[in-house]
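Notes for the structure review
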Number of protein chains: 2
Amino acid sequence: MQKPFQINRAYKEVQQITVAVDCLIFGFNDGNLELLLVSRSFEPERDRWSLIGGFVHNDEDLDDAAHRVLTELTGLDDVYMEQVRAFGKAKRDPYERVISVTYSALVLKKDYNDELVKSYKAEWFPIDNLPELIFDHKEMIDAAMKRLRRRVKSGPVGFNLLPEKFTLPQLQKLYEAILGEEIDKRNFRKKLNSMDFLIKLNEKDKTESKKGAYLYKFDEDKYNYVKNFNI
Amino acid sequence: MQKPFQINRAYKEVQQITVAVDCLIFGFNDGNLELLLVSRSFEPERDRWSLIGGFVHNDEDLDDAAHRVLTELTGLDDVYMEQVRAFGKAKRDPYERVISVTYSALVLKKDYNDELVKSYKAEWFPIDNLPELIFDHKEMIDAAMKRLRRRVKSGPVGFNLLPEKFTLPQLQKLYEAILGEEIDKRNFRKKLNSMDFLIKLNEKDKTESKKGAYLYKFDEDKYNYVKNFNI
DNA sequence: TCAAAAGTGTTGCTGCTACACCCATGC
DNA sequence: GCATGGGTGTAGCAGCAACACTTTTGA
């Protein structure tokens, strides 16, 4: 019997696998959770919808590759993004062998350069009304959504999707959009209050109702040290 | 400004990144959680300890590669294994550019072919007393442990680490080893009982105490459909 | 007879869920 | 004055943590 590392070493000389990253950019708009997709500008599968992806450079950290690709396609920088997982079925891309590592990000749509989006034929789609996607990109989205739902319940993420000042109804709608379920208003507020990282401002936002809703912002320090976060 | 996919396409032609998998094989022995490591039999870093890893074949699913590597090194087949995540720092392997996707598995040590282990210079190490490891393997272990702790609290995994018939004290020790903390005996049993997937047998195991502890086995059907698992 | 591990219930507390009405305002 | 969305409190219940003693038996 041979030693496995020898087997692998020998094999490795001829390995021909390309490494890619795909980014899942979630945005929140008008009560809906949206995902940014691009229309492929090259063959194969030209003009079909796809996640924002690109190949990794030889001297580039995987995480950096994801950020670079994101920046190239959106102008967004300094975004909180984390790896979901690698997708590596041999035939996931029927044209060539590519493994792809997915990253997910939450962005505030208004910070986003809309011109840039259009110039790349990128478009936002409501998460529950996505077009047909190439390869296993739908599976990637499902995995990222599942992860997002888990993360959002157990820690203070998702706030990236809101402007600096926001109202509680907005925040609640965000959670409802991500979790795909309705939340009781009173219970939601109670929990947030008990976690004590929101600062109530003396301003109201009247764009969404006649009465107006108080604006809040984060207490950055407390926000970063929330212990028992739980929605 | 160029379109990113064109940039990437051009770049891709010269991409030289090797794709590997690394397996984290957890076993449970004598009250301790252990991890299987191998001593590298080739340069560079010959004779240093390492996770069980190998390179992915061109026509092989990533998951299959992990299973193959595991089988080659341990003789174990049909093991529940899942991806942790990809590690892709450019300099993680200082000798060449390799990205590695980690997988973690829980195995029952007695099913494990001990001769095979030795022939590959593999060895079990207690999780809290690991040797120095190459590259970023320590970081991989930390990530896998974190994941394992999360998984083990929220679903019925970890039972793979026990023989078909086992005692409640054994099961409790397993959880304590994984979570790294003591658990109250009565509360632990109460929870397990309420989840109702254990079958109490009419036999006792007397190897660990004079009084002897009742043996249990899983009710496979119920085990797979536990709703509110929670330790 | 004693040492060592197995087994067993209760109580208080915390945190969750469920639920209904008044308020402020623009039209 | 009414329609629209914003804001507030309570009570019952479930699940969790904390806690101590008895049982069995081999040596």
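The coordinates are above.
The structure displayed is predicted, hence computed values, not measured ones.

Describing the overall build of chain A
Helices and strands together make up the secondary structure of chain A, namely seven helices and ten strands. For chain A, the spread of C-alpha atoms along the three principal axes comes to 70 × 45 × 30 Å. A fraction of 66% describes how many contacts in chain A between residues 6 or more apart in sequence connect residues 24 or more apart. Summing over all exposed atoms, chain A offers an accessible surface of approximately 11800 Å²; the carbon and sulfur share of this is 44%.

Quick notes on the packing of aromatic side chains
Residue and element names in this part refer to chain B. Under the defined criterion, the tally for this structure stands at 16 aromatic pairs over all chains. Their ring planes at 85° and their centres at 5.9 Å tell us that Phe197 and Tyr223 sit as a pair that is edge-to-face. You can see Phe197 sitting in the loop between α6 (185–195) and β9 (198–205) and its partner Tyr223 sitting in helix α7 (residues 220–224), a full 26 residues away along the chain. Geometrically, the ring pair formed by Phe197 and Phe229 is stacked, given 6.0 Å between the ring centres and 15° between the ring planes.

Structural notes on the packing of helix α4 (residues 137–154) of chain A against helix α5 (residues 168–179) of chain A
When two helices pack together, their arrangement is given by the angle between the helix axes and by the axis-to-axis distance. Residues and elements named next belong to chain A. As a packed pair, α4 and α5 sit with axes 9 Å apart at the nearest point and diverge in direction by 140°. By the angle between their directions, the pair α4 and α5 is classed as oblique. Residues Met145, Leu148, Arg149, Val152 and Lys153 of α4 form the contact with α5, whose participating residues are Tyr175, Ile178 and Leu179. The class makeup of the residues in the contact of α4 with α5 is six nonpolar, no polar and two charged.

Details of the protein's contact with DNA strand D
Around DNA strand D there are 20 residues in total, and Lys185, Arg189, Lys190 and Tyr214 of chain A together with Asn230 of chain B lie nearest to it. Each atom of DNA strand D within 4 Å of the protein was assigned to sugar, phosphate or base; sugar and phosphate come to 38%. One of the side-chain N or O atoms of Lys185 of chain A is found 2.7 Å from a base oxygen in DNA strand D. In this structure, Arg189 of chain A approaches DNA strand D through a side-chain N or O atom, which is 2.8 Å from a phosphate oxygen. Elements with a contribution of two residues or more to the surface near DNA strand D: α6 (185–195) and β10 (213–218) of chain A together with α6 of chain B. For the surface near DNA strand D, the per-class residue count stands at three nonpolar, four polar and 13 charged.

Regarding the relation of the copies chain A and chain B
Expressed as a screw operation, the relation of chain A to chain B combines 0.1 Å of axial shift with a rotation of 180°, fitting to an RMSD of 0.1 Å. The superposition of one copy onto the other is thereby described by a two-fold rotation axis. Measuring from the rotation axis to each C-alpha of chain A, the shortest distance belongs to Arg85 of chain A, at 2.6 Å. Most of the interface of chain A is mirrored in chain B, where 100% of its interface residues again form contacts.

Reading the values: rules and limits
- Residues numbered from 1 in each chain as written.
- Chains lettered and ligands numbered in written order.
- Predicted model: local features only at pLDDT ≥ 70, side-chain atom pairs only at ≥ 80, totals over all residues.
- Heavy atoms only, no water.
- Helix = DSSP H or I, 4+ residues; strand = E, 2+ residues; numbered from the N terminus.
- Contact = heavy atoms within 4.5 Å.
- Areas by Shrake-Rupley, 256 points an atom, 1.4 Å probe, with all protein chains shown as cover.
- Phe/Tyr/Trp six-rings, centres within 6.5 Å; stacked < 30°, edge-to-face > 60°.
- Axes fitted to C-alpha atoms, helices over the stretch in contact; angles between N-to-C directions.
- Parallel < 35°, antiparallel > 145°, perpendicular 65-115°, else oblique.
- Nonpolar A, V, L, I, M, F, W, Y, C, P; charged D, E, K, R; others polar.
- Near = heavy atom within 4 Å.
- Polar contact = N/O pair within 3.5 Å; in protein donor to acceptor, adjacent residues only side chain to side chain.
- Least-squares fit on C-alpha atoms with pLDDT ≥ 70 in both.

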